[in-house]
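Examination of the molecular architecture
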Amino acid sequence: AGPSAEALALAAKEEAEIKAKLATLAADATPEQKADAVGTRPQGLASARSGASDKLQRIKGIGPVNEGKLHALGIFHFDQIAAWTREEIRWVGTYLAFPGRIDREEWTAQAKSLAAGGPSAKE
């Protein structure tokens, strides 16, 4: 069904706050510096559990590039994404240069379903 109108309004408000905050940073700020200014970096793992990461591309909105960036942050499993806090969502969305996208595409809800063995939005 997609996010509710209320969720979209909150995402838009948050995107505006993030944009305003980022405007105060130096033009050459790194993605990590930008993300640190607006949120909290999620705790990553040194490597995937049991040496095998989940196929994060099963989450609608995560393609090969974003999957690679998430792996570089130590994010390998659906349950990690499912557990993200608001501050972590803000951090990752800004780091990936897609503020609001995680909410619009409902990454955490998809990840919760996938972590529980359910289907993804793509299937």
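Overview of the structure. (Residues numbered from 1 in each chain as written. Predicted model: local features only at pLDDT ≥ 70, side-chain atom pairs only at ≥ 80, totals over all residues. Heavy atoms only, no water.)

1. Remarks on the packing of aromatic side chains
Overall, the coordinates contain one aromatic pair when judged by the stated rule. Ring geometry for Trp91 and Tyr95: centres 5.0 Å apart, planes at 10°, overall stacked. You can see Trp91 and its partner Tyr95 sitting in helix 5 (residues 86-95), four residues apart, about one turn around the helix. The exposure class of Trp91 is buried, given its relative accessible area of 0%. Sitting over the ring of Phe98, Arg101 keeps its end group 4.2 Å from the ring centre. (Phe/Tyr/Trp six-rings, centres within 6.5 Å; stacked < 30°, edge-to-face > 60°. Helix = DSSP H or I, 4+ residues; strand = E, 2+ residues; numbered from the N terminus. Buried < 20%, exposed > 50% of the residue type's maximum accessible area, 1.4 Å probe, protein only. Lys NZ or Arg CZ within 6 Å of the ring centre and 35° of its normal.)

2. Topic: helix 1 (residues 5-22)
The terminal C-alpha atoms of helix 1, which comprises 18 residues, lie 25 Å apart, in line with the 26 Å expected from a rise of 1.5 Å per residue. Listing the buried residues of helix 1 in full gives Ala11, Glu14 and Ile18. The arc enclosing the buried residues of helix 1, seen along the axis, measures out at 70°, which places them on a common side. Exposed positions of helix 1 whose direction lies more than 90 degrees from the buried face are Ala5, Glu6, Lys13 and Lys19. The secondary structure elements touched by the buried residues of helix 1 are helix 2 (31-38), helix 5 and helix 6 (101-104). (Expected span 1.5 Å × (residues − 1). Arc of directions from axis to C-beta. Contact = heavy atoms within 4.5 Å.)

3. Description of the packing of helix 2 against helix 5
One way to put it is that helix 2 packs onto helix 5 with a least axis distance of 8 Å and a crossing angle of 155°. Accordingly, the angle class assigned to the pair helix 2 and helix 5 is roughly antiparallel. Crossing handedness for the pair helix 2 and helix 5: right-handed. Along its contact with helix 2, which presents Pro31, Glu32, Lys34, Ala35, Asp36 and Val38, the element helix 5 presents Glu87, Arg90, Trp91, Thr94 and Tyr95. The residue inventory of the contact of helix 2 with helix 5, partitioned by class, reads five nonpolar, one polar and five charged. (Axes fitted to C-alpha atoms, helices over the stretch in contact; angles between N-to-C directions. Parallel < 35°, antiparallel > 145°, perpendicular 65-115°, else oblique. Left-handed = near helix turned anticlockwise from the far one by under 90°. Nonpolar A, V, L, I, M, F, W, Y, C, P; charged D, E, K, R; others polar.)

Read these as spatial facts, not as claims about activity.
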